[in-house]
Amino acid sequence: EKLLALTRMWEVPRGGLLVRAGEKARCCWIVIRGAVEAVSPENSSRIALFGPGDIFGQFSPLLDVPATVHCRVREDAVVLEVGPEALEHLLEPRSRVAFKFVNGACLASMRGLQRANRDLARITKTRLLTRSA
């Protein structure tokens with residue numbers, strides 16, 4: 001209840017932009033319903049897709065760095081905006097909610113690394129095949 005009191009819930013229509021690459025964010029997001037995609041600012045290719053229960057945008061406020069991708073709503077969505085106070089509450093030591101949040105953030109990071117490794121392997125293989133041809 002305390003956490004929910006510190007957050008804001010938004011209904012965002014398809015195409016809505018939640019995070020703009022290059023801007024520093026003071027919040028992260030949790031998808032409640034719908035889908036949000038992370039897209040490359042260079043060519044608009046999809047980098048990741050977030051669905052219900054997924055956390056995104058958490059590293060920009062935690063590390064105080066600008067976002068590296070645009071995050072836009074792919075399907076009408078309901079998202080929870082987790083601002084600085086809520087983020088601080090989520091990171092309280094020995095809190096069950098903190099454990100779940102950190103676990104979710106770590107799982108999201110691991111999925112991102114898996115995607116990056118797959119993409120890197122595919123690109124490397126393509127380049128090797130192109131050079132040998």
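Now for a quick tour of the structure.

1. With respect to the pairing of strand β3 (residues 28-39)
Then, in step 1: With ten of twelve residues buried, β3 lies mostly within the body of the structure.
Then, in step 2: Pairing of β3 with strand β5 (residues 55-56), which is carried by two bridges, proceeds in the antiparallel orientation. Residue pairing in the sheet places Ile 30 in a bridge with Ile 55 of β5.
Then, in step 3: As consecutive antiparallel partners, β3 and strand β4 (residues 46-50) are separated by six residues, and within that stretch Ser 44 has a phi angle of approximately 60 degrees, a positive value.

2. Examining unusual backbone geometry
Then, in step 1: If you check the backbone angles, Ser 44 has positive phi at about 60 degrees while not being a glycine.
Then, in step 2: Counting through the fold element by element, Ser 44 comes out in the loop between β3 and β4.
Then, in step 3: Judged by relative accessible area, Ser 44 falls into the partly exposed class, the value being 44%.

3. Structural notes on the packing of aromatic side chains
Aromatic rings considered in pairs are described by the distance between their centres and by the relative angle of their planes.
Then, in step 1: On inspection of all chains with the given rule, the structure shows one aromatic pair.
Then, in step 2: Note on Phe 50 and Phe 56: the rings are 5.0 Å apart at their centroids and 15 degrees apart in plane angle, and the pair reads as stacked. Residue Phe 50 shares its accessibility class with Phe 56, and that shared class is buried.

4. Here we look at the side chain of Glu 81
Then, in step 1: Its location among the elements puts Glu 81 in strand β6 (residues 70-82).
Then, in step 2: Although Glu 81 lies buried, it forms no salt bridge, and the closest oppositely charged side chain, Arg 8, sits 4.4 Å away as judged by the N-O distance.
Then, in step 3: Within the structure, the side chain of Glu 81 is placed 2.6 Å from the side chain of Trp 10, a separation counted as a polar contact.
Then, in step 4: Not counting residues within four places of it along the chain, the set of residues in contact with Glu 81 comprises Thr 7, Arg 8, Trp 10, Cys 27, Cys 28 and Trp 29.

Cut-off values and rules
The numbering scheme is per chain: residues are counted from 1 as the chain's sequence reads. Local features are withheld for residues below a pLDDT of 70 in this predicted model, meaning they are given only at 70 or higher, and side-chain atom pairs are given and counted only at 80 or more; totals for whole chains, interfaces and linings count all residues. In computing side-chain values, all of the structure's heavy atoms are included and hydrogens and water are not. A simple rule labels every residue: compare its accessible area, found with a 1.4 Å probe on the protein chains alone, to the largest value its type can have, and call it buried under 20%, exposed over 50%, or partly exposed in between. Secondary structure is summarised from DSSP: a helix means a run of H or I of at least four residues, a strand means a run of E of at least two, and numbering begins at the N terminus for each. Any two strands with at least two DSSP-identified bridges between them are counted as paired. Each Phe, Tyr or Trp ring (for Trp, its six-membered ring) is paired with any other whose centre lies within 6.5 Å, and the angle between the two planes then decides the class: stacked below 30 degrees, edge-to-face above 60, tilted in between. Residues scored as positive are Lys and Arg, those scored as negative are Asp and Glu, and His as well as the terminal groups of each chain are ignored. One speaks of a salt bridge when a side-chain nitrogen belonging to Lys or Arg is within 4 Å of a carboxyl oxygen belonging to Asp or Glu. Counting of polar contacts relies on pairs of N or O atoms within 3.5 Å, with two restrictions inside protein: one atom must be capable of donating a hydrogen and the other of accepting it, and residues adjacent in sequence are counted only when both atoms are side-chain atoms. Only heavy atoms enter the contact rule, under which two residues are in contact if any of them lie within 4.5 Å.

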